[in-house]
Amino acid sequence: MNNRKPSCIAIGNFDGIHIGHDALIRRMIELSNEENQDSIIITFRFVRKDLKKSTYNIKYINSRNIKLELLKSYNVTEVAEIELDEVISKYSPEQFIKEILIDKYNAKNIVVGYNFTFGHKASGNINTLREFESTYNYKVEEIFPVKYNGIAVSSTLVRNLLNEGKILEVNKLLINNYTIYNNELNIDYNKKIAFADNNSSIIIPPDGRYKVMTGGKEALLTINTNKDNSILIFDKLERDEDIIFLDRAH
């Protein structure tokens, strides 16, 4: 018997918290207040590249630590990161529902996006969750896509726009302007230059000039990429401050 208080859970990868994620998380919090349940955000961490849904070496909008910080800023009861190791990544959808959502978190309400998949080889989806509602005594709520210019907002869309250097559009979709955090770069403050290793897991926008904010001051940033690094050259750079992207500089 689960002694834990009943919970309302939002589940997703939540890379780069965008307006679609925001709608999902806020609905979960609203529902948890209505039902007097714990509010829990569940996200995932792939512990090995070969266990990812895709073998494609995805670059992330936010590093893992930043993602967790952003999720915690919603002030929910708990942000739970599930490590998709060799055991859990092989769970069938029903196993995932029973062993994690029910047995561990006592889920009574589950809120997911329209394109949510889970379980071994992403074989479960919203219909699978609905299938087991009566078996495990919970309710599922689907959040329909939030659209931008007729396209469903997703982390993939944001990543594609970032890779095209479309900063203004990216900033309309993210809840915070696109930011590279100072601890994600190797920075020489005296020379006003920073390096991001090309093997880094975070996205660096394409080569070009950008308007950025650093320490509350506007600056110009030029990005040049070689075979090893992206080199970020600033006209001015505040010490220990994050780099907030505003727009392409023309």
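Everything here concerns the structure above.
Before going into details, it helps to say that this report is about the structure given with it. Keep in mind that this is a model prediction, so the values were computed, not measured. (Residues numbered from 1 in each chain as written. Predicted model: local features only at pLDDT ≥ 70, side-chain atom pairs only at ≥ 80, totals over all residues. Heavy atoms only, no water.)

## Observations concerning the nonpolar core
Where a protein is soluble and globular, its nonpolar side chains tend to be buried together. In plain terms, the rule: Joining through side-chain atoms within 4.5 Å is the link that ties buried Ala, Val, Leu, Ile, Met, Phe, Trp, Tyr and Cys residues into a set, and such a set is a nonpolar core. Any residue under 20% of the maximum accessible area for its type is buried, any over 50% is exposed, and the rest in between are partly exposed; the area is computed with a 1.4 Å probe on protein chains only. Working definition: helices are DSSP H or I runs of at least four residues, strands are E runs of at least two. Numbering for both runs from the N terminus. Whether two residues touch is decided by their heavy atoms; if any such pair falls within 4.5 Å, the residues are in contact.
Tyr178, Val212, Leu221, Phe234 and Phe245 are the most contacted members of the largest nonpolar core, which totals 30 residues. Those elements that provide at least two residues to this core are α6 (155-163), α7 (167-173), β12 (193-197), β13 (208-214), β14 (217-225), β15 (229-234) and β16 (243-248). The leading source of residues in this core is α6, at four residues. Contacts of Leu221, omitting those with residues within four sequence positions, involve Gly208, Arg209, Tyr210, Val212, Leu232, Ile233, Phe234, Ile243 and Phe245.

## Description of the side chain of Thr43
Summarising the element assignment, Thr43 is placed in strand β2 (residues 38-46). By relative accessible area, Thr43 is classed as buried at 0%. Excluding residues within four positions of it along the chain, Thr43 makes contact with Gly12, Asn13, Phe14, Lys67, Leu68, Leu71, Ala80, Glu81 and Ile82.

## Considering the pairing of β15
In plain terms, the rule: At least two DSSP bridges between two strands are required for those strands to pair.
Two strands pair when backbone bridges link them, and β12 and β15 are joined in this way by five bridges, in the antiparallel orientation. In the sheet register, Ala196 faces β15, and the bridge partner there is Ser230. Across five bridges, the pairing between β14 and β15 is antiparallel. Across the sheet, residue Ile223 finds its bridge partner in β15, namely Leu232. What sits between β14 and β15 in their antiparallel hairpin is a turn of three residues.

## A word on the pattern of salt bridges
Note the threshold: Any Lys or Arg side-chain nitrogen found within 4 Å of a carboxyl oxygen on Asp or Glu counts as a salt bridge.
Counted by the stated rule, this structure contains 14 salt bridges. The closest approach of N and O atoms between Asp38 and Lys5, which form a salt bridge, is 3.9 Å. In this pair, Asp38 sits in strand β2 while Lys5 sits in the segment before β1 (7-11), placing the two residues 33 residues apart along the sequence. With a shortest N-O distance of 2.9 Å, Arg64 and Glu81 are connected by a salt bridge. Of the two residues, Arg64 sits in helix α2 (residues 64-72) while Glu81 sits in strand β3 (residues 78-84), which places them 17 residues apart along the sequence. According to the relative accessible area criterion, Arg64 is partly exposed, its value standing at 36%. Through salt bridges that share partners, Arg27, Glu30, Glu34 and Glu141 make up one connected network.

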